[in-house]
Amino acid sequence: MLPRFNLDDLPADLKSQITRRSLTGKECLFLDGDPANYIYYVESGVIRLLHYTELGQTVNHYTLMSGNFLAEVLIVAEKYLCTAIVEEPAEVLAIPKQAFINALSQDSSLMMAFLGEVAYRLHMTKVMMQIRSIRSASERVLNYLRVTVPAGTNVIVLDRPLKEIAYNLDLTPESLSRALAQLQEGWGGEGKYSCTSR
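Residues numbered from 1 in each chain as written. Predicted model: local features only at pLDDT ≥ 70, side-chain atom pairs only at ≥ 80, totals over all residues. Heavy atoms only, no water.

Draft legend 1. Region of the structure containing helix α2 (residues 97–106). Looking only at α2, the buried set comprises Lys97, Ala99, Phe100, Ala103 and Leu104. Take α2 and look down its axis: the buried residues cluster within an arc of 165 degrees, on one side only. Across α2 from its buried face, at more than 90 degrees, point the exposed residues Ser105 and Gln106. For α2, the elements touching its buried residues are α1 (12–15), β3 (38–52), β5 (69–70), β6 (83–96) and α3 (108–132). (Buried < 20%, exposed > 50% of the residue type's maximum accessible area, 1.4 Å probe, protein only. Helix = DSSP H or I, 4+ residues; strand = E, 2+ residues; numbered from the N terminus. Arc of directions from axis to C-beta. Contact = heavy atoms within 4.5 Å.)

Rendered as structure tokens:
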């Protein structure tokens, strides 16, 4: 198993170049096609990735929350490949792209840890696409819980707001709440299982 990427492991000279940005709701972090000079790390808040078609339609990718890298594909791209919109007020770290690439190239352990983060993101994106294809809302939610909740637990604590989970599952918050209620009732209805959101 690959080691988890830890910002504390970055070299001191790179850390000194990192800046923190505070973003308000609906603010644009970057636009599709903008020159790419930074890779971002989300410390708090929620950021949505999307792009617009030539007809002006919005195509949603997914949302990112604390602990996620943003625009890591820039390792091999010169421009941002989508638009990033702040869904909830956020704090992000702006990491200079070239300095970050240099640090990875000089430390194989750091490179492997970063590759592990990217590989996990790719895997979870594929899983979420599969879950979104399920027609039944309750089955969609059940499959989401199966991949995000540790086995053997009878208290499910969701690690993000219901609104964000609903968005990622392509459901309305109301549909998600109904599906969770149905699943909880189906699990026993007598308090054997419970589901809460942080």
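Draft legend 2. The pattern of salt bridges, seen in detail. For the structure on display, the rule yields four salt bridges. A salt bridge links Arg48 to Glu87; the shortest N-O distance between them is 2.8 Å. Of this pair, Arg48 sits in strand β3 while Glu87 sits in strand β6; the two residues are 39 residues apart in sequence, bridging distant segments of the chain. Among the ionic contacts, a cluster of salt bridges with common partners joins Lys26, Arg48 and Glu87. (Salt bridge = Lys/Arg side-chain N within 4 Å of Asp/Glu carboxyl O.)

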